[in-house]
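A closer look at the structure
Residue-level listing of the chains:
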2 protein chains.
Amino acid sequence: MGSGLSVGVFGATGAVGSEIVRLLESSKWQIDNLGLFGSERSAGKSVSWRASSVSIQLFDPNSHHVHDLVLFATNSQNSLEIAPTLASQGTYVVDNSSAFRMNDAVPLVIPEINFDTILPESRIIANPNCCTIILLMAVAPLRAFGKIKRIVVSTYQSASGAGREAMEELEVSTRAYLNGEDFTPEILPYPYAFNLFNHNTEIGEDGYNGEETKMILETRKILDDPEIAVNPTCVRVPILRSHSESITVEFDGDAPSVEDVRECLAAFPGVKIIDDRAANRFPMPIDSNGSHDVFVGRIRKDVSNPQAISLFVCGDQLLKGAALNAVQIGERLFGLN
Amino acid sequence: MGSGLSVGVFGATGAVGSEIVRLLESSKWQIDNLGLFGSERSAGKSVSWRASSVSIQLFDPNSHHVHDLVLFATNSQNSLEIAPTLASQGTYVVDNSSAFRMNDAVPLVIPEINFDTILPESRIIANPNCCTIILLMAVAPLRAFGKIKRIVVSTYQSASGAGREAMEELEVSTRAYLNGEDFTPEILPYPYAFNLFNHNTEIGEDGYNGEETKMILETRKILDDPEIAVNPTCVRVPILRSHSESITVEFDGDAPSVEDVRECLAAFPGVKIIDDRAANRFPMPIDSNGSHDVFVGRIRKDVSNPQAISLFVCGDQLLKGAALNAVQIGERLFGLN
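Conventions and cut-offs
- Residues numbered from 1 in each chain as written.
- Chains lettered and ligands numbered in written order.
- Predicted model: local features only at pLDDT ≥ 70, side-chain atom pairs only at ≥ 80, totals over all residues.
- Heavy atoms only, no water.
- Pairing = 2+ DSSP bridges.
- Helix = DSSP H or I, 4+ residues; strand = E, 2+ residues; numbered from the N terminus.
- Buried < 20%, exposed > 50% of the residue type's maximum accessible area, 1.4 Å probe, protein only.
- Contact = heavy atoms within 4.5 Å.
- Buried area = accessible area lost by both parts, 1.4 Å probe.
- Salt bridge = Lys/Arg side-chain N within 4 Å of Asp/Glu carboxyl O.
- Nonpolar A, V, L, I, M, F, W, Y, C, P; charged D, E, K, R; others polar.
- Least-squares fit on C-alpha atoms with pLDDT ≥ 70 in both.
- Axes fitted to C-alpha atoms, helices over the stretch in contact; angles between N-to-C directions.

**Points about the pairing of strand β4 (residues 52-57) of chain A**
All names here are of chain A. Examined bridge by bridge, strand β2 (residues 31-37) and β4 share 2 bridges and lie parallel to one another. Across the sheet, the residue bridging to Phe37 is Gln57, located in β4. In this sheet, β4 lies alongside strand β3 (residues 46-49) in antiparallel orientation, the contact comprising 4 bridges. Bridge pairing in β4 places Trp49 opposite Ser52. Once β3 ends, the chain turns through 2 residues before running back antiparallel as β4, passing Arg50 with a positive phi of about 50 degrees.

Shown next as structure tokens:
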């Protein structure tokens, strides 16, 4: 692995995949071979890459060039079908889908928090759900102040989590609304222009949607704490690419001071504090859009519970919520960080 | 008061005031005299009223026609200056500003919940904060299941709470964004197109903004429970006229069942249940825009706390959040409901 790497990206033209390609392009990685894979719809398209360009290929398992690292940014079905074969050939797979996240043999990794759960024999590494990553970047460091008992979180999720077409639908439907024109949603289940709605994943018997259940289970796995209680409410708001979250963290003992929380989070890599009470300046999606950092503010003692603090966070769903976290896992796997 | 009423509306051309006029117009009230008052900017303008029209006047305390009822939809300063004089003349004042809400001598009323706090001698009645009304329409009925200990609520607030000009700024700035044009906000502190931000009220020493502090204090007064703990996070989202709220209610004992909560809320006047898990159909702003009801859904047991339930609600900020609640107070004062 000393010289150049051979890297593959599945779903390279999608919202997350194209961010992965852009991150690889601007990284210091020496990439000798880049394989970009896509569906029949995008096969043959050309993607600019450093001084030249790379064509999107259909993946053919029989003529597969062995990559050192493959990043998956497609659906769970693709990952389930292809990743185990690649891993058995020794390829590292970082999978952005939910296919392997709750598999006990697969580490679920936010590099700043639990990179050490990747074992020498690990080949498939799961990239967590976007809301989970953005939540835990702000919450995991707070374990320095004692055991966390419960997290209550309400999300303000962007269109990007539903892919590029959902982002386009938000823009197109909003323009139609402003022009007084009718619009029938095709990608999302409900009108999105100046509207919000429950996350469009299946509702379980307990009344939680799929996104919320992911946040509960993935938080427990990443924090290695099967007892931590999480109550998420996941809502799509008409925002393009950053997720925001209103978070209350309950400790087993008394809550830390605002100053201690601010200092702790400011020192954590990948977190940036925006918490200016006098100026009423706190994190906003327009801050985090395009940024590698998760922004944290509204840090305050919960007036309703002496053991709790509240926070408000924003993070780019496509970057730290997906593509960046995956690329960071790769960087650390190959000692490139 | 048997025949016709004399009614005044302050701020009759504003976002809330014009909804009040429209509600009065379509009501069964017999109004013999309607006085519409506004600022110098709107004085002289004509507002359509039933078969004719009414001119906006500047208020002159020296030549004031005595009304039976005056509804204020302007700022606190106006209310503080004018309302006590009107009340001393025997006029009922329903005030939509925050001027008198925490005044012990002034009832703070959501008619479905605490109309009985209006005493025979009460003349000024305060209309609660919009978020408080929408929250409590869903929460107050749940006291049937035992003492409520704590409420954790995150809001998704519309532009209308900042007035008509904020609604226009949301639309104009969104159009500019879609056209790739620059836009400098003039009404709201931050860009609003596909963005969200902390509620633009002053932040107190405890880190809570003014809107959140209102929700805490007003909830205690309306529920007549000085001990109830409330932890609100108030956020403006790019929505035009409905507020949404993600709510977790913690009881002193075990939480009621989902079925019992649904039945209890469905029977409460002014609440409509939209809670179809199979169809992933829950309250949305486009449901509540223009509706008199507060919509409730996502009713579920809080998986993180056996004493809690979670809900998601939407209500029209200009109607039940402001104008409608004020008009309903008037209706009941004069036995018109």
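From this point, things continue past the structure.
**Points about the pairing of strand β14 (residues 294-301) of chain B**
Residue and element names in this part refer to chain B. Most of β14 sits out of view: 7 of its 8 residues are buried. Looking at chain direction, strand β13 (residues 271-273) and β14 are connected through 3 bridges and run parallel. Within β14, the residue paired with Lys272 across the bridge is Phe295. Where β14 folds back on strand β15 (residues 308-316), the antiparallel hairpin that results is connected by 6 residues.

**Let's talk about the interface of chain A and chain B**
Opposite the 64 residues of chain A that make contact, chain B presents 64 residues. Of the roughly 5100 Å² buried between chain A and chain B on both sides combined, carbon and sulfur atoms contribute 55%. On inspection of chain A and its partner chain B, the count reaches 6 salt bridges. Salt-bridge contacts for A:Arg150 lead to B:Glu250; the nearest nitrogen and oxygen are separated by 2.7 Å. Across the side of chain A that touches chain B, the residue classes break down as 30 nonpolar, 21 polar and 13 charged.

**Digging into the relation of the copies chain A and chain B**
Superposing chain A onto chain B takes a rotation of 180 degrees plus a shift of 0.0 Å along the axis, which leaves an RMSD of 0.0 Å. These values place the two chain copies in the arrangement generated by a two-fold rotation axis. Interface overlap between copies: 100% of the residues of chain A at the interface are likewise at the interface in chain B, consistent with a symmetric, same-surface contact.

**Digging into the sheet that holds strand β2 (residues 31-37) of chain B**
As a general point, the strands of a sheet are linked pairwise by backbone hydrogen bonds and lie either parallel or antiparallel. Residue and element names in this part refer to chain B. Judged by pairing direction, the sheet is mixed, and its 7 strands sit side by side in the order β3-β4-β2-β1-β5-β6-β7 without closing on themselves. Each end of this open sheet is capped by a strand with a single partner; those strands are β3 (46-49) and β7 (124-126). Here the average twist between neighbouring strands, direction ignored, is 25 degrees. Across 3 bridges, the pairing between strand β6 (residues 92-95) and β7 is parallel. Of the residues in β7, the one forming a bridge with Asp95 is Ala126. Each of β1 (5-10), β5 (69-72), β6 and β7 touches helix α2 (residues 76-88); the most contacted strand, β5, lies at about 170 degrees to it. Strand contacts of helix α9 (residues 319-333): β5, β6 and β7, with the helix running at about 160 degrees to β6, the strand carrying the most contacts.

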